[in-house]
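# Working through the structure, step by step
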Amino acid sequence: MPSSSLSRGLAFPMSEATAALHGEVWTFAHDRLVPLSAGFDCGDEKDPEIARLVREAGYLGHYVPAELGGHGLSVTNISVVREALAYGAVAVDEFFASQGIAVQPITLFGSEDQKAHYLGGLLSGSRSFALCVTEPVAGSDVAGIRTAAVAVDGGFEINGTKRFVHMADTVDTMVLFAKTGPGHARGGLTAFVLDRPEQGLVVTPFPLLFEGPEFEVEFQGCRIPGTAVLGSVGGGMGVAMSNFDRIRPSVGAAAVGMAQRALDATVDYVQSREAFTQRLADFQGVRMQLSDIAVELAAARLCVYAAARFADEAHDDADVRAPAAAAKLYATEVAQRVIDRCVQLHGGVGLVRGSVTERLYRAIRSTRIYEGATDIMRIVVARDLLGPRARR
Ligand SMILES: Cc1cc2nc3c(=O)[nH]c(=O)nc-3n(C[C@H](O)[C@H](O)[C@H](O)COP(=O)(O)OP(=O)(O)OC[C@H]3O[C@@H](n4cnc5c(N)ncnc54)[C@H](O)[C@@H]3O)c2cc1C
């Protein structure tokens, strides 16, 4: 990130340890990722080189408590890492984030045995993780999940279909949400952590805007042990919501990182491109746009890190929900607008396949949908404004 007085003046307050991490991860992004980024499109996170880079840098330790060999779970630090990784190469952030969103429920709700077993595997590199929440019939409406976990001798039998599951073709560990109770009810959902079933699992590619690693996953009578329950039977909604609340500020941070990369590319471009006998940067209309972009982005960054800090300091999980939703909503919407304007300032060159702006234009889109779509974030914020009587 360039050290303009704007970025220094509007920096968010950091502890000494976070400042050290910030310096380190931004150096990594500039020195290691930016030179590599032309070789990785968004959606390329299945490339083993990406997993190697993230593991070697030790960043996955940010999802693991210090007593288990990690760096401790800090929303602020995860956001710092994600902003820089997304700036450097979106696919690298996507790998880091996909592991985090699946592993965090184990850190937050796992038994001591589950934590030692699975988080140890994350750190050693022997395990990789996928989150299985979304279904063809239920996305935003998590309580509408229909995949069923029926109690059988020694455990549960799972039947149902999940969709959009990141890297489901290769992972060996799944964090799964399934119904253990009747109807469309919060209390009927349970979270599980399981080894990839050897029988009854059908995984089919489910390609999106880019050739990404999303899959549809069918569980056809898969047997899992009773020890796979994460938290308590019927406590799945709480697990899902705590996970989303803690990951949402970091989605905003990643979006800010992508938009910052587009802005930096645009600042360079408008100083080299000439039209009507002068540099684009010499047109006042272009300067106004650059200024608007930079100020909006700085505001989005401050919003993200305020929400992250609040999440780290809050005593009640319920308090975290609205600020986290607001940060995700605001930062991803700003980032999409910023990247669109940066494409426009590049003219046709902004859409050349494989260029920085073209890639970011595709990559940013999904941040407004996954981990809580924009309209759902607006509902969360409105519910907070309206108070306890606004149930739905
Ligand atoms: C790139 C990508 C990766 C993903 N990875 C994973 C993954 O690894 N694991 C996983 O489980 N899922 C994953 N998802 C799924 C993602 O979490 C869902 O797409 C998301 O939660 C939205 O659900 P949906 O697509 O079913 O949309 P729906 O819930 O059907 O919503 C459709 C639209 O309606 C709007 N809407 C819904 N309800 C309301 C309401 N009450 N009021 C107003 N508007 C409303 C929404 O805002 C949305 O715009 C991924 C998605 C993407 C795009």
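So, here's what we can say about the structure. (Residues numbered from 1 in each chain as written. Predicted model: local features only at pLDDT ≥ 70, side-chain atom pairs only at ≥ 80, totals over all residues. Heavy atoms only, no water.)

### Quick look at the site of the ligand
Every one of the 20 residues lining the ligand counts as a neighbour, but Leu131, Val133, Thr134, Ser140 and Phe164 are closest to it. Note that a nitrogen atom of the ligand is positioned 3.0 Å from one of the backbone N or O atoms of Phe164. Contact distances for the ligand include 3.1 Å between an oxygen atom and a backbone N or O atom of His166. Here the ligand has 980 Å² of accessible area as a free molecule, and 64% of this is covered by the chains. Of all the elements in the fold, those that place two or more residues in the shell around the ligand are strand 1 (129–132), strand 3 (155–166) and helix 11 (374–386). Among the elements that make up the shell around the ligand, the one with the highest residue count is strand 3 (four residues). (Near = heavy atom within 4 Å. Polar contact = N/O pair within 3.5 Å; in protein donor to acceptor, adjacent residues only side chain to side chain. Areas by Shrake-Rupley, 256 points an atom, 1.4 Å probe, with all protein chains shown as cover. Helix = DSSP H or I, 4+ residues; strand = E, 2+ residues; numbered from the N terminus.)

### Examining the nonpolar core
Ranked by size, the top nonpolar core spans 111 residues in total, and within it Leu85, Phe96, Val142, Phe177, Phe192 and Phe219 carry the most contacts. Looking at which element gives the most residues to this core, the answer is helix 7 (residues 236–272), with 16 residues. With residues up to four places along the chain from it excluded, the contact list for Phe96 reads Val54, Tyr59, Leu60, Tyr63, Ile78, Val81, Arg82 and Leu85. Val75, Ala308, Ala311 and Val320 belong to the second largest nonpolar core, which has five residues in total. (Core = buried A, V, L, I, M, F, W, Y, C linked by side-chain atoms within 4.5 Å. Buried < 20%, exposed > 50% of the residue type's maximum accessible area, 1.4 Å probe, protein only. Contact = heavy atoms within 4.5 Å.)

### Some thoughts on the packing of helix 7 against helix 10 (residues 356–363)
Orientation of helix 7 relative to helix 10, taken along the N-to-C sense of each, is 155°, at an axis distance of 10 Å. Taken together, helix 7 and helix 10 sit at an angle that is classed as roughly antiparallel. The interaxial crossing formed by helix 7 with helix 10 has left-handed handedness. Of helix 10, the residues touching helix 7 (which contributes Met258, Arg261, Ala262 and Ala265) are Val356, Leu360 and Ala363. Its residues assigned to classes, the contact of helix 7 with helix 10 shows six nonpolar, no polar and one charged. (Axes fitted to C-alpha atoms, helices over the stretch in contact; angles between N-to-C directions. Parallel < 35°, antiparallel > 145°, perpendicular 65-115°, else oblique. Left-handed = near helix turned anticlockwise from the far one by under 90°. Nonpolar A, V, L, I, M, F, W, Y, C, P; charged D, E, K, R; others polar.)

### Topic: the pairing of strand 2 (residues 148–152)
Looking at chain direction, strand 2 and strand 3 are connected through five bridges and run antiparallel. Within strand 3, the residue paired with Val150 across the bridge is Glu157. The antiparallel hairpin formed by strand 2 and strand 3 contains two residues in its connecting segment, where Gly154 sits at a positive phi of about 85°. (Pairing = 2+ DSSP bridges.)

### Thoughts on the packing of helix 4 (residues 75–88) against helix 8 (residues 284–313)
Packing of helix 4 against helix 8 brings their axes to within 7 Å, and their N-to-C directions diverge by 150°. Residues Val75, Thr76, Ser79, Val80 and Glu83 of helix 4 lie in contact with helix 8, whose contacting residues are Arg301, Tyr305, Ala308, Arg309, Ala311 and Asp312. Of the residues contributing to the contact of helix 4 with helix 8, the split by class is five nonpolar, two polar and four charged.

### Comments concerning the packing of aromatic side chains
Evaluated as defined, the whole model comprises six aromatic pairs. With 5.1 Å between their ring centres and 65° between their planes, Phe156 and Phe192 make a pair best called edge-to-face. Of the two residues, Phe156 sits in strand 3 while Phe192 sits in strand 5 (residues 189–195), which places them 36 residues apart along the sequence. Of the two residues, Phe156 and Phe192, both sit in the buried class. (Phe/Tyr/Trp six-rings, centres within 6.5 Å; stacked < 30°, edge-to-face > 60°.)

### Observations concerning helix 9 (residues 317–346)
Under the 1.5 Å per step criterion, the end-to-end length of helix 9 is 43 Å for 30 residues, consistent within 8% with the ideal 44 Å. For helix 9, the capping residue at the N-terminal end is Asp316, with a side-chain oxygen 3.0 Å from the backbone nitrogen of Ala318. (Expected span 1.5 Å × (residues − 1).)

### With respect to the side chain of Arg246
Tracing the backbone shows Arg246 in helix 7. Here Arg246 is buried and forms no salt bridge, its nearest opposite-charge partner Asp312 lying at an N-O distance of 4.1 Å. (Lys, Arg positive; Asp, Glu negative; His and termini not counted. Salt bridge = Lys/Arg side-chain N within 4 Å of Asp/Glu carboxyl O.)

### What about the state of the cysteines?
The tally for this structure, following the rule as stated, stands at zero disulfides. Of all cysteine sulfurs in the structure, the one in Cys222 sits closest to Cys132, which takes part in no disulfide; the separation is 10 Å. Overall, Cys132 belongs to the buried group, its relative accessible area being 0%. (Disulfide = S-S within 2.5 Å.)

### Notes on the pairing of strand 7 (residues 214–225)
In this sheet, strand 7 lies alongside strand 3 in antiparallel orientation, the contact comprising ten bridges. Following the sheet pairing, Glu157 is matched in strand 7 by Arg223. Relative to strand 7, strand 6 (residues 201–205) runs antiparallel, the two being bridged by five bridges. Residue pairing in the sheet places Pro205 in a bridge with Phe215 of strand 7.

### What about unusual backbone geometry?
The residue Phe164 is not glycine, and still its phi comes out positive at about 70°. Positionally, Phe164 belongs in strand 3. Even without a glycine there, the phi angle at Phe276 is positive, about 50°. Inspection of the secondary structure assignment puts Phe276 in the loop between strand 9 (274–275) and strand 10 (278–279). We classify Phe276 as exposed; its relative accessible area is 76%.

### Remarks on the environment of Val256
Topologically, Val256 is positioned in helix 7. Each C-alpha atom of the pair Val256 and Gly188 lies 37 Å from the other, and the pair is 68 residues apart in sequence. The residues contacting Val256, other than those within four sequence positions of it, are Glu83, Leu297, Ala300, Arg301, Ala331 and Ala335.

### A few points about a negative patch on the surface
There is a patch of like negative charges on the surface, built from Asp316, Asp317, Asp319 and Asp384. For Asp319, the position within the fold is in helix 9. (Patch = residues over 30% accessible without salt bridge, like charges linked within 9 Å, V, L, I, M, F, W, Y side chains within 5 Å. Charge placed at Lys NZ, Arg CZ, Asp CG, Glu CD.)

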